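A look at the structure
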Amino acid sequence: MAREVVSARGPLKGVVTVPGDKSISHRALMFSALAEGRSVIRGLQKGLDVKATRQCFEALGVVFEESDGVIAVNGLGVGGLKESFDVLDCLNSGTTMRLMSGILAGHGFLSVLTGDQHLRKRPMARILDPLREMGALALGREEDTRAPLVIRGGSLGALEWVTPVASAQVKSAVLLAGLHARGTTWVVEPAATRDHTERMLGGMGAEIKRDGPLRVGIVGRPKLRPFEIEVPGDPSSAAFWAAAALMVPGSELTVRGISLNEGRTGFFRILKRMGAQIEMRETGLAAGEPVGDVTIAYSKLTGVTVEPEEVPSAIDEFPVLGAVAAIAEGETVVTGAEELRFKESDRIDALAGELRKAGVPVQTFRDGLKITGGANLSPALFDSHGDHRLAMSAAILSLAIKGGGAIEGAEAAAVSYPDFFKTISGLSA
Ligand code: S3P
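Since the structure is predicted, the reported quantities are computational estimates derived from the model, not experimental observations. Along each chain, numbering runs from 1 in the same order as the chain's sequence is written. Reporting in this predicted model follows two pLDDT cut-offs: at least 70 for local features of residues, and 80 or more for side-chain atom pairs to be given and counted; totals over whole chains, interfaces and linings ignore these cut-offs and use all residues. By convention in this description, side-chain values take in all heavy atoms of the structure and omit both hydrogens and water.

**Some points on the pattern of salt bridges**
When a carboxyl oxygen of Asp or Glu lies within 4 Å of a side-chain nitrogen of Lys or Arg, that pair is called a salt bridge. For the structure on display, the rule yields 33 salt bridges. One salt bridge in this structure joins K171 and E189, with 3.3 Å as the shortest N-O distance. Of this pair, K171 sits in helix 6 (residues 168-179) while E189 sits in the loop between strand 11 (184-188) and helix 7 (196-203), and the two are 18 residues apart along the sequence. Both residues of the pair, K171 and E189, belong to the buried class. Think of it this way: any DSSP run of H or I at least four residues long counts as a helix, any run of E at least two long counts as a strand, and we number them from the N terminus. When a residue's accessible area, from a 1.4 Å probe over protein chains only, is under 20% of the maximum for its type it is buried; when over 50% it is exposed; and in between it is partly exposed.

See the structure below:
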């Protein structure tokens, strides 16, 4: 396990670019494989999760030609993937496993999907249940709730699926199965989640139907047009630099060229409510998404209450919100966020445990936590719990600790941000 030591030697200043958006990168690889014709992808994220998607789709017969960081793909068409000779390893990536399962449910061959020890503990009934309803064989360990998974799809019927969890991965898995089904498949979710799947498939010529903000449908068996895209920067990676600027007095950082999709920018809105000086400027469109720059300057912060409806648009940012809440005056309370328990780690218990190591008072609930900020922070040896976002959040918190902090298991950052520790040591030097 790799240990990284982080401390700030002065204000953080400058312009940062972040890796391509992870959600869009996964989808760009998967959807280009389903198009008829040649797609071109620029700015694909280089983390291990996206690599997992690429390797799985290669095993399913797709050829990704890469030169100078640009990827060209000759799509095989909807329903055109080939049976893999081996087990499909999704590594740490829930997006790979869940979205790919939806696609494989539309194929008559057998697929076996596995992942690392963390992914094999995450809930999968939420996707296997609807896929089975649509007519696929969809099995898993522990009474069809955990990976490894077995899927033999085929001739799917459309479905209206009312999901109890607000999850873009569940919505996308069902819509992708619906892409292969006869008729129109609908998903109804309890709160609006990121809409990259709908935007991208819509842009490729699939008929997407919307009936209010929480009900979305797809008409099955279209011909999908290929696309050419430049993947925008990942707002979830930018979140670390926004938080970093708030850790050290006198700091000001700008992150360029990130997706400003409203379904992804909840964290920045929460920071604004806490009193952060933060400016978002839209500069154009990429991959059907609004993109732009974010500038954030050190500010005095106060704790806030995060409402359950806000949770999906900031779902990946709660670990780093923990670091921000630790230095804000007063209490930050999060509820309606039980989903955090089912991420790459149990992000409620793991985050609380790591914050306490630095002397931050934290109370946990089944569906959230209360963090009391403003206490003196003490140097700590943090543990990543094998979770990329916890590793990076502990590093950000370390910037605010006199004497700094160390992060054990820091290599987890490579799942979404391979250069993270290089960038933080450059900024804090
Ligand atoms: C993702 C959706 C979110 C998010 C994950 C990526 C996606 O998961 O946490 O990092 O690309 O659709 P859930 O939809 O399960 O909350």
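**As for the pairing of strand 23 (residues 405-408)**
The alternating pattern of strand 23 places G405 and I407 and A406 and E408 on opposite faces, both of which are buried. The pairing criterion for strands is at least two bridges between them, as found by DSSP. Strand direction decides the pairing type here: strand 1 (residues 3-6) and strand 23, joined by four bridges, are antiparallel. Each bridged residue has a counterpart across the sheet, and for R3 the counterpart in strand 23 is E408. Across four bridges, strand 22 (residues 380-383) lies against strand 23 in parallel orientation. Looking at strand 23, one finds that L381 is bridged to A406. By convention a crossover is right-handed if, when the strands point away from the viewer, the path from the first strand over the helix to the second runs clockwise. Handedness of the β-α-β unit built from strand 22, helix 12 (residues 388-398) and strand 23 comes out right-handed.

**Here's the deal with the site of the ligand**
Contacts to the ligand come from K22, S23, R27, T95, S167, A168, Q169, R194, I315, D316 and K343. Within the side chain of R27, an N or O atom sits 2.7 Å from an oxygen atom of the ligand. In this description, accessible areas are obtained by the Shrake-Rupley approach with a 1.4 Å probe, and a residue is regarded as covered only by the protein chains that are shown. Protein coverage of the free-state accessible area of the ligand, which is 380 Å², stands at 96%. Those elements giving two or more residues to the shell around the ligand turn out to be helix 1 (22-34) and helix 6. Nearness here has a simple test: a residue counts as near a molecule or strand if at least one of its heavy atoms is within 4 Å of that partner. Under the rule applied, a polar contact is a pair of N or O atoms within 3.5 Å (in protein, one hydrogen donor and one hydrogen acceptor; residues adjacent in sequence only if both atoms are side-chain atoms).

None of the figures reported here should be taken as evidence of function without further support.
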